[in-house]
Amino acid sequence: MRDQIRRMRQLYPGFQVTFDGGWLVVWEGNLRPIAKTYRVQVALTLKDWLGDMRIDAPFPQVWLIEPRLVIACELAPDQLVPHIYPNTSDLTRSGLCLFDPAQREWTRDMAIADTTLPWTIDWLTSYEGWLATGEWTGGGRDHVRASV
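Remember, it's a predicted structure, so these values are computed and weren't measured experimentally.

Colleague: I'm lost on the environment of H83 in this one. Help?
Modeller: Secondary-structure assignment places H83 in the loop between β6 (61-66) and β7 (84-85). Taking the C-alpha atoms as reference points, H83 and C97, 14 residues apart in sequence, are found 4.9 Å from one another.

Colleague: Explain the environment of V40 here, please?
Modeller: Within the element layout of this structure, V40 appears in strand β3 (residues 38-45). For V40, a relative accessible area of 0% translates into the label buried. Remark: the alpha-carbon pair of V40 and N30, spanning 10 residues in sequence, is separated by 6.2 Å. In this structure V40 touches F15, W27, E28, G29, L31, V62, W63, L64, I65, T120 and L124, once residues within four positions along its chain are discounted.

Colleague: Would you explain the pattern of salt bridges in this entry?
Modeller: When the charged atoms of two side chains lie near each other, side chains of opposite charge can form a pair. Taken as a whole and judged by the stated rule, the model has five salt bridges. Note that D90 and R68 form a salt bridge whose closest N and O atoms lie 3.0 Å from each other. You can see D90 sitting in the loop between β7 and β8 (95-96) and its partner R68 sitting in the loop between β6 and β7, a full 22 residues away along the chain.

Reading the values: the criteria
Residues numbered from 1 in each chain as written. Predicted model: local features only at pLDDT ≥ 70, side-chain atom pairs only at ≥ 80, totals over all residues. Heavy atoms only, no water. Helix = DSSP H or I, 4+ residues; strand = E, 2+ residues; numbered from the N terminus. Buried < 20%, exposed > 50% of the residue type's maximum accessible area, 1.4 Å probe, protein only. Contact = heavy atoms within 4.5 Å. Salt bridge = Lys/Arg side-chain N within 4 Å of Asp/Glu carboxyl O.

So this is what it looks like as structure tokens:
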């Protein structure tokens, strides 16, 4: 985890560690892909189990903190924003789907500063385009799309 923190400081010095539990680290910082600046939160855990409890986060988790996630655009009002992990209690706090876990596109030996943050910038670029056009151009495997 020390290597992850060190690499984040090198490539994204504006990102701050907001929690460091040794096996779980959370960062927050700003990204500006095209038109807007977004505050994002990134969490990474290196454990699969905490005592008898399974931790269901085998890869980095990313959330849009500010501005809140727009879940439906005017041009596609009946569809959720593509490529999210819906938070059923608050859709505007859903996690971002940045890669296909089934394809093992990320492993724990990869630096999130080299993978997750560039993927987040790509996702935000596609998100800005989706808000403007109603079409997702970011690629990726289709998710089951839920209605709003």
